[in-house]
Amino acid sequence: MEPADRPATPLQQASFVAVALFVGALTGVFGGLFHLAIDTIIEWPTWLAGRVEGWRLVAASAAVTTAAAVFAVFITRRFAPEASGSGVPEIEGAIAGIRHVRWERVLPVKFIAGIAAIGSGLVLGREGPTIHMGGSAALAACQMFRMRDGDRKALLAAGAGAGLACAFNAPMSAVLFVIEETRKQFPYTFRNYMGVFAAAITGTAVTQIISGERPDLPLSAGEAALASLPAFAILGIILGAVGVLFNRCILAMLDIATAWQKRAPYLWPTLVGLLVGILLIVAPRAVTGGERVISQIAVQTPGAGVLLMLAGARLVTAVASYSIGTPGGIFAPILSLATCIGLAFGVLAQTAFPEALSGMGVTPVSFGIVAMAALFSATVQAPAVGVVLVLELTSAYALVLPMLTACLTASLVAQWLGGRPIYGQMLDRTLARAGRGPAKGSDVGLAADPERATH
């Protein structure tokens, strides 16, 4: 990277951006195929239901999910243990220079094990693996083009951003993700910033060519009146507390799973696989990543009691699924959990104040959409990413102001309750298990404690 007083020449800028375009395209290939494979494989319960029924169907489903979960855990532990989970903390640690990404191992393991785990029905998102694969693709490109060490960090971040863009067809969220989530690690120069744009563009374009062009969660909601903002602020307060609870449950369950692994290495993945396989048949909305669940409940809008029970079930299955150590992200599970809570809040509010909400143009779906951004802000503590990501996913641009309001209260409440960005906590946990203390400034996102970062 050039010193601050020596800006890159046009030729240097062009060559760097060209490599970033290649990184994005390569990420788009892996991300698009990953997306397409999961969308195809996840239909297996329907195929199975057409051939067996009754208790045999439940048993067969449990056997398939268990086998897939154990297989994904086995190849991850055997070939690339760092490929487990989301991969976002690994990328942020690598940009900070405190973690090493073995891309030759991570890329195939994340791809194969991620398809097996997410395609089996576990409550995991595809965004974590595509972010990790994007970073790995960037390092492969750096080796191919013999890039300098200073450029590797910038391209690593660009590849990770492209991975997020691939997962959700959300290029602007990818750029903001790098700005907001890796603001302490990313080497900011004009050239590097343009590299992030370039990778996001080609990553999204190639993914759309492979797996289709559309918002992943197109939901319909009209413009909400200004008088409704207090209601969205209250929803944000609730989700701020839920976000802190979610993060603590994730970390606690990871500790439990680690303890079980020492005694019986594959017992915990087996139990979780059995649970998810059974639920795929008896309560299918309680499992899978959640994108289809969001679309279904937004259209059908069950009662508040049903929605809250579904939220509780998805919280348990999401935390359990993440804890077993397969590749898989938490973005999609967070969004589906938030939708359940937001819709329930909206149904209760509509029951209590039907005429007032109707007059303000607010529906339960409005609360469900806004809730996705608010819970994302509370857990990841990157509110701008949360808002833009949900807007790109749903095309609900009329709800910008309610989203900002809910994200404001959710982020403040989460921080006041002692919450920390989930990826910073995961990175600290990884470093602690490796025999190192918390990294200087390992907290990420805007809510990181500046005093802690300097000690």
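The rules behind the values
Residues numbered from 1 in each chain as written. Predicted model: local features only at pLDDT ≥ 70, side-chain atom pairs only at ≥ 80, totals over all residues. Heavy atoms only, no water. Helix = DSSP H or I, 4+ residues; strand = E, 2+ residues; numbered from the N terminus. Buried < 20%, exposed > 50% of the residue type's maximum accessible area, 1.4 Å probe, protein only. Contact = heavy atoms within 4.5 Å. pLDDT = per-residue confidence, 0-100. Axes fitted to C-alpha atoms, helices over the stretch in contact; angles between N-to-C directions. Left-handed = near helix turned anticlockwise from the far one by under 90°. Nonpolar A, V, L, I, M, F, W, Y, C, P; charged D, E, K, R; others polar. Phe/Tyr/Trp six-rings, centres within 6.5 Å; stacked < 30°, edge-to-face > 60°. Lys NZ or Arg CZ within 6 Å of the ring centre and 35° of its normal. Patch = residues over 30% accessible without salt bridge, like charges linked within 9 Å, V, L, I, M, F, W, Y side chains within 5 Å. Areas by Shrake-Rupley, 256 points an atom, 1.4 Å probe, with all protein chains shown as cover. Salt bridge = Lys/Arg side-chain N within 4 Å of Asp/Glu carboxyl O.

**Examining the environment of Gly163**
Move 1: Mapped onto the elements, Gly163 comes out in helix α7 (residues 149–168).
Move 2: The exposure class assigned to Gly163 is buried, which follows from its relative accessible area of 0%.
Move 3: Through-space distance from the C-alpha of Gly163 to that of Glu82 is 17 Å; in sequence the pair is 81 residues apart.
Move 4: With near-sequence residues (within four places) excluded, Gly163 lies in contact with Thr27, Thr130 and Ile131.

**Some details on the confidence of the model for the protein**
Move 1: A residue-level look at the protein finds 94% of positions with pLDDT of 70 or above and a mean pLDDT of 91.
Move 2: Counted against residues more than four places away or in other chains, residues 1–5, with its pLDDT under 50, gives 11 contacts.
Move 3: Below pLDDT 50 for its whole length, residues 444–455 participates in 28 contacts with residues either more than four positions away or in separate chains.

**Regarding the packing of helix α1 (residues 10–41) against α7**
Move 1: Interaxial distance between α1 and α7 falls to 9 Å at its minimum, and their mutual angle equals 35°. Note that α1 runs across α7; the crossing there is right-handed. Contacts between α1 and α7 involve Phe16, Val19, Ala20, Val23, Gly24, Thr27, Gly28, Gly31 and His35 on the former and, on the latter, Asp151, Ala154, Leu155, Gly159, Ala162, Gly163, Cys166 and Ala167.
Move 2: Here the contact of α1 with α7 is composed, by residue class, of nine nonpolar, seven polar and one charged.

**So, the packing of aromatic side chains**
Move 1: Inspection of every chain in the model, using the stated rule, returns nine aromatic pairs.
Move 2: Look at Phe30 and Phe111: their rings are 6.2 Å apart centre to centre, the planes differ by 75°, and that puts the pair in the edge-to-face class. Taken together, the positions of Phe30 in helix α1 and Phe111 in helix α5 (residues 103–120) put the pair 81 residues apart, joining distant regions of the chain.
Move 3: An angle of 50° between the planes, with centres 5.9 Å apart, marks the rings of Phe34 and Phe111 as tilted. Of this pair, Phe34 sits in helix α1 while Phe111 sits in helix α5; the two residues are 77 residues apart in sequence, bridging distant segments of the chain.
Move 4: What makes Phe34 buried here is its relative accessible area of 0%.
Move 5: Members of the aromatic cluster, connected to one another through ring pairs, are Phe30, Phe34 and Phe111.
Move 6: Between Arg191 and the ring centre of Phe16, over which it is positioned, the NZ or CZ distance is 4.4 Å.

**So, the environment of Ala158**
Move 1: Within the element layout of this structure, Ala158 appears in helix α7.
Move 2: Overall, Ala158 belongs to the buried group, its relative accessible area being 1%.
Move 3: What Ala158 contacts, discounting residues up to four positions off in sequence, is Gly195, Val196 and Ala199.

**Regarding unusual backbone geometry**
Move 1: Its identity as a non-glycine residue notwithstanding, Thr288 has a phi of 70°, on the positive side.
Move 2: You can see Thr288 is positioned in the loop between α11 (267–282) and α12 (291–300).
Move 3: Given the relative accessible area of 17%, Thr288 is considered buried.
Move 4: Its identity as a non-glycine residue notwithstanding, Gln381 has a phi of 55°, on the positive side.

**Section: a nonpolar patch on the surface**
Move 1: On the surface, a nonpolar cluster with roughly 490 Å² of combined accessible area is contributed by Leu226, Tyr397, Val400, Leu401 and Leu404.
Move 2: Inspection of the secondary structure puts Tyr397 in the loop between α17 (383–394) and α18 (400–416).

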